[in-house]
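Chain by chain, the residues:
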Amino acid sequence: MTTHKFQVDLRGMIRLLSGHLYSSPEVFLRELLQNSVDAISARQMAEGAKAPEGRVTFELITPADQLPTLMVEDNGIGLTEAQVHRFLATIGESSKRGDLNDARRDFIGQFGVGLLSCFTVADEIVAVTVPGRKGDTV
């Protein structure tokens, strides 16, 4: 008996999933906003009254002779490097579920696929984060 390993084209899989999960390419804006709102909620839960008022900004940068870039910035809790790998780079993983995969009502997004929607309009996503708001960037 010959054994073969199952192969997956990750880029193709992401395009397939994101193309079928979302009704239109514009939904990525909602997903990015939801991620920012959830990060702000997490910071407010962690810091209580010391947390600043939440802020989310969207900026479209259009350099000459290049494709436009959308920059989304919030002052939420941020992610550690390990959390980036676990929650952003693992399809279906979410920081917004409890230990037994119960949805946490404090957050909007919970399924670990929202970031996929960005691949309906982009080939690359760059994440810069300040974990725990302590100044370390990933």
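Read on for an overview of the structure. (Residues numbered from 1 in each chain as written. Predicted model: local features only at pLDDT ≥ 70, side-chain atom pairs only at ≥ 80, totals over all residues. Heavy atoms only, no water.)

What follows concerns the overall build of the protein. Each helix and strand in the protein was counted, giving three helices and two strands. Written out in order from the N terminus, the α and β elements of the protein read α-α-β-β-α. The buried share of the protein, taken over its 138 residues, is 24%. Within the protein, counting contacts between residues at least 6 apart in sequence, those at least 24 apart form 53% of the total. On the protein, roughly 10,000 Å² of surface is accessible, and the fraction owed to carbon and sulfur atoms is 55%. (Helix = DSSP H or I, 4+ residues; strand = E, 2+ residues; numbered from the N terminus. Buried < 20%, exposed > 50% of the residue type's maximum accessible area, 1.4 Å probe, protein only. Contact = heavy atoms within 4.5 Å. Areas by Shrake-Rupley, 256 points an atom, 1.4 Å probe, with all protein chains shown as cover.)

A few words now on the pattern of salt bridges. Under the defined criterion, the tally for this structure stands at two salt bridges. Glu31 is paired through a salt bridge with Arg30; the nearest N and O atoms lie 3.0 Å apart. Exposure remark for Glu31: the relative accessible area of 10% places this residue in the buried category. Between Glu47 and Arg43 there is a salt bridge, with the nearest N and O atoms lying 3.0 Å from each other. A residue pair is termed a helical-turn pair when its members lie 3 or 4 positions apart in one helix, as Glu47 and Arg43 do in helix α2 (residues 27-47) at four residues. The class of Arg43 is buried, set by a relative accessible area of 13%. (Salt bridge = Lys/Arg side-chain N within 4 Å of Asp/Glu carboxyl O.)

Time to look at a nonpolar patch on the surface. A cluster of nonpolar side chains, namely Leu29, Leu33, Val37, Phe58, Leu60 and Leu70, defines an oily patch on the protein surface of about 480 Å² accessible area. Sort the elements by how many residues they give to the nonpolar patch and α2 lands first, with three residues. Position of Leu33 relative to the elements: it lies in helix α2. For Leu33, a relative accessible area of 39% gives the class partly exposed. (Patch = residues over 30% accessible without salt bridge, like charges linked within 9 Å, V, L, I, M, F, W, Y side chains within 5 Å.)

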